[in-house]
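Examination of the molecular architecture
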Amino acid sequence: MSTNKESWGTRVGLILAMAGNAVGLGNFLRFPVQAVQNGGGAFIIPYLVCFLLMGIPLLWIEWTMGRYGGRFNNHSTPFILDNMTRLRFWKYFGVFGIFTNIAVAAYYCYIESWTLSYVYHSLAQTFSGLSQSQVAQFFGDYVNIGFSTTGIPYEAVVFYILCLLLNTYILSRGLQGGVEKVAKIGVPMLLLFGAFLAFRGFTLGASGAPEGCEDCDSALGLNFLWEPQFTSLTDPKVWLAAAGQIFFTLSVGMGTIHCYASYVRPKDDIALNAMSAGWMNGFVEVVLGASIVIPIAVGYLGLDWVKENAGFAMAFQTMPYLFDQWGPLLSTLAGLFWFGLLFFAGITSSLAMGTPWMGFMEDEFNWGRNKAAWSFGGLVLLMGLPTVFFFNQGVFDEYDYWAGTVSLVIFALAESIIFSWRFGIDKAWNELTSGADIKVPLFFKPIIKYVTPLIILVVFLGALITPKNNDWSAALAGNWELDASSIIGKIQNKGVEVNREYFADEYQSEVAG
Ligand code: PHE
Ligand code: NA
């Protein structure tokens, strides 16, 4: 019998924890890059459509499943899925969901640890007076472990371990004493820091434009991101990118929301809470996330430069240099705010990734909090070290692809089908609406039953068989060829690589012998 006695303190605490779970590095680092790479304003419409038809329904599905499982004192997907299906297979599938959390936490905490280090370096004014390429070089050295010129030997490893210790300690303090407390501080702080930086993004204009730069104006960046564009609406690539962003940013498909919701009392509202956390994430993403990195970078480096160089490393490679243009005081403050914001956004999400494992161990093996938290920290460290040491060899990207992209979609597809078709939409709808503080519009019932699983299925198939160069128009016109970046392409290439290496060894030894 479970001895899991965790619970949320207050409704505000719960909403902040759920918002903190959703609001993360994805809002500030992933969203702006996705938007730029998919045509700026052209990205926003698919993004909103996916949010309404897939995001909100998935939030409701996961909150409902979680509260339902909590009634049987289960707090992780293996046993929640078991409660809902009574089929053993789904129990094991739920375990796969828990491991997705550990794999995502492994690389997610790595970026989170950069933000800690960059807070330190901002305060220490390490970037003061450096050129743009020197600031970029600093980042290069940082992730190149061992060849570090950052002043601290093995700095990236040191901060990674520090970051994991922090996560582990907070998790060991439990839901109310750890996670909820951190969310109550972290979420307001990040909103405050974000507002300050977004204000700079709005007001910078062309005041920082270097001589001769014609497209250096932060307003150009904002317009580019927000002005709706209809031209690329027919491009499946943009739709798939938007759907992928919705998955990642809302934290769906991993069991973190189920876990948090499983500590809600059976008669408490979930319908409105889910919406509140979801909209809050959307606001932070589309308003704050879009108003910082891109407009500020456009203000100094120009829209063309940003379009060409957009990548999540920009936040570390470029921002400290741009802040430095604001004079010593403001630049230190901006560095502290920017990396502090990223840190709070990051930790309230990585803590969420720890809770399914904790819930599982506490429920089913009667582990105490400490043991559960430290084992999570240890597992993440084990899985994370390869991303730290082989960052430049693409290990990080592999984790992000398989754990942070593909797994979420597969998990969400399964749960959306289970929810409406195995558990049954009528029963599921009653669960969702019981205790609800809003009237959930009835048209969401057919959406949850048909539209949501269908969209997820399309997203999955799109990832499975992405056409060459992600060029869907050519592919749909009959020029079909599989891209190496599709799931199937990746699996095939892996095979080729392994073979090549194997035969290379054989060949070498044959030559040698
Ligand atoms: N939603 C978080 C972000 O935007 C990432 C996350 C994914 C957190 C899955 C928990 C679970 O950064
Ligand atoms: Na998010």
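Residues numbered from 1 in each chain as written. Chains lettered and ligands numbered in written order. Predicted model: local features only at pLDDT ≥ 70, side-chain atom pairs only at ≥ 80, totals over all residues. Heavy atoms only, no water.

Here we look at the environment of M189
To keep it simple, the criterion reads: By definition, any uninterrupted DSSP run of H or I lasting at least four residues is a helix, any uninterrupted run of E lasting at least two residues is a strand, and each is numbered from the N terminus.
Secondary-structure assignment places M189 in helix α8 (residues 174-203). Note: C-alpha distance between M189 and F337 (148 residues apart in sequence) is 9.1 Å.

Brief notes about helix α10 (residues 236-250)
Note the following rule: One less than the number of residues in a helix, times 1.5 Å, gives the span that helix is expected to have. Under the scheme applied here, a residue whose accessible area is under 20% of the maximum for its type counts as buried, over 50% as exposed, and between as partly exposed, the area being computed with a 1.4 Å probe on protein chains only. The term polar contact refers here to a pair of N or O atoms within 3.5 Å; inside protein, the definition further demands a hydrogen-donor-capable atom paired with an acceptor-capable atom, and it admits residues adjacent in sequence only when both atoms are side-chain atoms.
Its 15 residues place the ends of α10 21 Å apart at the C-alpha level, agreeing with the 21 Å of an ideal helix rising 1.5 Å per residue. Counting buried positions along α10 gives eleven out of 15 residues, so the element sits mostly inside the fold. A distance of 3.0 Å separates the backbone nitrogen of K237 from a side-chain oxygen at the start of α10, and that oxygen is part of D235. One or two residues past the end of α10 sits S251, with phi positive at roughly 65°.

Re the coordination of the sodium ion (ligand 2)
The condition is simple: Water is absent from the atoms considered, so a metal site may look incomplete; donors are defined as N, O and S atoms within 2.8 Å of the metal, or 3.2 Å for Na, K and Ca. Only four donors with every angle between 85 and 135 degrees are called tetrahedral; only four or six donors with opposite donors over 155 degrees apart and all others between 65 and 115 are called square planar or octahedral, in that order; all others are irregular.
The protein atoms that coordinate the sodium ion (ligand 2) are A22 (O), N27 (OD1), T249 (O), T249 (OG1) and N281 (OD1), at distances spanning 2.2 to 2.6 Å. Seen from the sodium ion (ligand 2), its six donor atoms lie at angles of 79 to 171°, and the figure they make is octahedral. Here the donor residues of the sodium ion (ligand 2) share one chain and are spaced in sequence as A-x4-N-x221-T-x31-N. Residue N27 is found in helix α2 (residues 25-37), and its partner N281 is found in helix α12 (residues 271-291); the two are separated by 254 residues along the sequence. Of the residues examined, N281 reaches a relative accessible area of 1% and is grouped as buried.

Details of a nonpolar patch on the surface
For clarity, the cut-off: Note on patches: the residues involved have over 30% relative accessible area and no salt bridge, like charges join within 9 Å, and the nonpolar side chains Val, Leu, Ile, Met, Phe, Trp and Tyr join within 5 Å. To measure how exposed things are, a 1.4 Å probe is used in the Shrake-Rupley method; for residues, cover is taken only from the protein chains shown. Salt bridges are counted wherever a side-chain nitrogen of Lys or Arg sits within 4 Å of a carboxyl oxygen of Asp or Glu.
A cluster of nonpolar side chains, namely Y154, V158, F389 and F390, defines an oily patch on the protein surface of about 390 Å² accessible area. Judged by its relative accessible area of 48%, Y154 is partly exposed.

Observations concerning unusual backbone geometry
Positive phi outside glycine occurs at R86, with the angle close to 55°. On the basis of relative accessible area, R86 is assigned to the exposed category, the value being 67%. For N469, which is not glycine, the phi torsion reads 60° and is therefore positive. With respect to the helices, strands and loops of the structure, N469 is situated in the loop between α21 (444-464) and α22 (472-476). Here N469 falls in the exposed class, since its relative accessible area comes to 60%.

Side note on the pattern of salt bridges
All chains considered together, the criterion is met by nine salt bridges. K445 is the partner of D426 in a salt bridge, and the nearest nitrogen-oxygen pair spans 2.8 Å. Of this pair, D426 sits in helix α20 (residues 425-433) while K445 sits in helix α21; the two residues are 19 residues apart in sequence, bridging distant segments of the chain. Its relative accessible area of 22% is what places K445 among the partly exposed residues. Each of R11, D269 and D437 takes part in a single network of salt bridges with overlapping partners.

Re the state of the cysteines
Formally, a disulfide is one covalent bond, and it connects the sulfur atom of one cysteine to the sulfur atom of another. The test is simple: For this text, the term disulfide refers to a pair of cysteine sulfurs within 2.5 Å.
Tallied over the full model, the rule gives one disulfide. Covalent S-S linkage joins C213 and C216, the inter-sulfur distance amounting to 1.9 Å. Around the S-S axis, the bridge from C213 to C216 shows a dihedral of about 85° and counts as right-handed. What makes C213 partly exposed here is its relative accessible area of 22%.

Overview of the site of ligand 1
Our working definition: Note on definitions. A residue lies near a molecule or strand when any single heavy atom of the residue is within 4 Å of it.
Around ligand 1 sit 14 residues in total, of which A22, G26, Y108, F248 and S251 are the nearest. N27 places a polar side-chain atom, nitrogen or oxygen, 3.3 Å from an oxygen atom of ligand 1. F248 places a polar main-chain atom, nitrogen or oxygen, 2.8 Å from a nitrogen atom of ligand 1. Its free accessible area being 320 Å², ligand 1 has 100% of it covered by the protein chains. Residue assignment for the shell around ligand 1 shows that the elements contributing at least two residues are α1 (11-22), α2, α10 and α17 (328-365). No other element matches α2, which puts three residues into the shell around ligand 1.

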